[in-house]
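So you can see what is in the structure, the chains are spelled out below.
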Amino acid sequence: PLVSPGNTTRITFSLHDTAGSPLGGENLSLLFSEDGFTWMYSEDGSAITDTDGQFSLNDTPKKEGYHYYRAIFAGTGTLPAAESDTLVIPVISIP
């Protein structure tokens, strides 16, 4: 996706098991970066997936550049840990 400063974009992460079944009610850690190297927790730092195994958040960037997002699942006694690919959102002014 491409977004302009001040405009909101919706970001959705999905968590599924190896068979493709959604994993609802699981905790995710959400990380954000403006440079792709220095990561900080996004929003309150964690989220719980819904019954479809998804969690969504809104981002409203204030300036041009890139916004990077990752979600991390720590795993459970029966499910292995997992980490999302890095989602990169370019933020540019559109005249």
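Look above for the structure.
Residues numbered from 1 in each chain as written. Predicted model: local features only at pLDDT ≥ 70, side-chain atom pairs only at ≥ 80, totals over all residues. Heavy atoms only, no water.

1. Brief notes about the overall build of the chain
Phase 1 of the analysis: Within the chain one finds 0 helices and 7 strands.
Phase 2 of the analysis: Seen in sequence order, the chain has helices and strands lined up from the N terminus as β-β-β-β-β-β-β.
Phase 3 of the analysis: Taken along its principal axes, the extent of the C-alpha atoms in the chain is 50 × 25 × 20 Å.
Phase 4 of the analysis: Counting over 95 residues, the chain shows a buried share of 32%.
Phase 5 of the analysis: When contacts within the chain are restricted to residue pairs at least 6 apart in sequence, long-range pairs at least 24 apart make up 61% of them.
Phase 6 of the analysis: A total of about 5,800 Å² of accessible surface is found on the chain, and carbon and sulfur atoms cover 51% of it. (Helix = DSSP H or I, 4+ residues; strand = E, 2+ residues; numbered from the N terminus. Buried < 20%, exposed > 50% of the residue type's maximum accessible area, 1.4 Å probe, protein only. Contact = heavy atoms within 4.5 Å. Areas by Shrake-Rupley, 256 points an atom, 1.4 Å probe, with all protein chains shown as cover.)

2. Here we look at the packing of aromatic side chains
Phase 1 of the analysis: By the definition in use, this model includes 2 aromatic pairs.
Phase 2 of the analysis: Plain terms: the ring middles of Phe32 and Tyr69 are 5.2 Å apart, the flat faces sit at 50° to each other, and that makes the pair tilted. Within this pair, whereas Phe32 is found in strand β2 (residues 27-33), its partner Tyr69 is found in strand β5 (residues 65-73), the two being separated by 37 residues in sequence. The two residues Phe32 and Tyr69 agree in class, both being buried.
Phase 3 of the analysis: Pairing Tyr66 with Tyr68 gives two aromatic rings, centres 6.3 Å apart and planes at 40°, and the pair type is tilted. (Phe/Tyr/Trp six-rings, centres within 6.5 Å; stacked < 30°, edge-to-face > 60°.)

3. Describing the pattern of salt bridges
Phase 1 of the analysis: Tallied over the entire structure, the rule returns 2 salt bridges.
Phase 2 of the analysis: One salt bridge in this structure joins Glu34 and Lys63, with 3.9 Å as the shortest N-O distance. One end of the pair, Glu34, is in the loop between β2 and β3 (40-48); the other, Lys63, is in the loop between β4 (54-59) and β5, with 29 residues separating them in the sequence.
Phase 3 of the analysis: Residue Arg70 is joined to Glu83 by a salt bridge in which the shortest nitrogen-to-oxygen separation is 3.3 Å. Pair noted here: Arg70 is in strand β5 and Glu83 is in strand β6 (residues 82-83), with a separation of 13 residues, a long-range link.
Phase 4 of the analysis: Here Arg70 falls in the buried class, since its relative accessible area comes to 17%. (Salt bridge = Lys/Arg side-chain N within 4 Å of Asp/Glu carboxyl O.)

Any functional reading would require information that these geometric values do not contain.
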